[in-house]
Amino acid sequence: MVHTARTAQDRKRFAKIANAVLAGIDAGIYMPQPNWMCSDCGYADACKAW
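What counts, and at which threshold
Residues numbered from 1 in each chain as written. Predicted model: local features only at pLDDT ≥ 70, side-chain atom pairs only at ≥ 80, totals over all residues. Heavy atoms only, no water. Helix = DSSP H or I, 4+ residues; strand = E, 2+ residues; numbered from the N terminus. Rg over C-alpha atoms; globule rule 2.2 N^0.38 Å. Buried < 20%, exposed > 50% of the residue type's maximum accessible area, 1.4 Å probe, protein only. Areas by Shrake-Rupley, 256 points an atom, 1.4 Å probe, with all protein chains shown as cover. Lys, Arg positive; Asp, Glu negative; His and termini not counted. Charge placed at Lys NZ, Arg CZ, Asp CG, Glu CD. Disulfide = S-S within 2.5 Å. Expected span 1.5 Å × (residues − 1). Contact = heavy atoms within 4.5 Å.

Considerations on the overall build of the protein
Each helix and strand in the protein was counted, giving two helices and zero strands. A globule of 50 residues ought to have a C-alpha radius of gyration of about 10 Å, yet the protein, at 16 Å, is considerably larger. If you line up the protein on its principal axes, its C-alpha atoms span 40 × 35 × 10 Å. Out of the 50 residues in the protein, the part that is buried amounts to 6%. As displayed, the protein has an accessible area near 5100 Å², and 61% of this comes from carbon and sulfur atoms. Averaged over its 6 positive side-chain charges, the protein has a centre that lies 15 Å from the centre of its 4 negative ones.

Structure follows, in structure tokens:
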């Protein structure tokens, strides 16, 4: 088991990143992230077309 600690600043940074991701999703912005899981992904063709 690994124990970690988060500061208030860490949580604020995460919230800022999460809000930016949600804004991108709401705007319909999807960036392909090719990796080893692509063979099982239902969006693989969309990524290749992108």
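Comments concerning the state of the cysteines
Between two cysteines, a covalent bond joining their sulfur atoms is known as a disulfide. In total, this model carries zero disulfides according to the counting rule given. The closest cysteine sulfur to the non-disulfide-bonded Cys-38 is located on Cys-47, 6.2 Å from its own sulfur. By relative accessible area, which is 30% here, Cys-38 ends up partly exposed. Free cysteine Cys-41: the closest other cysteine sulfur is in Cys-47, separated by 6.1 Å. Using a relative accessible area of 36% as the deciding quantity, one classes Cys-41 as partly exposed.

Here's the deal with helix α1 (residues 8-26)
The end-to-end C-alpha distance of α1 is 27 Å, a good match for the 27 Å that 19 residues give at a rise of 1.5 Å each. At the exit of α1 stands Gly-28, carrying a positive phi of roughly 80°.

Here's the deal with the environment of Tyr-30
For Tyr-30, the position within the fold is in the loop between α1 and α2 (44-49). You can call Tyr-30 exposed: its relative accessible area is 53%. C-alpha of Tyr-30 to C-alpha of Trp-50: the two residues are 20 residues apart in sequence and 9.4 Å apart in space. Contacts of Tyr-30, omitting those with residues within four sequence positions, involve Ile-25 and Trp-50.

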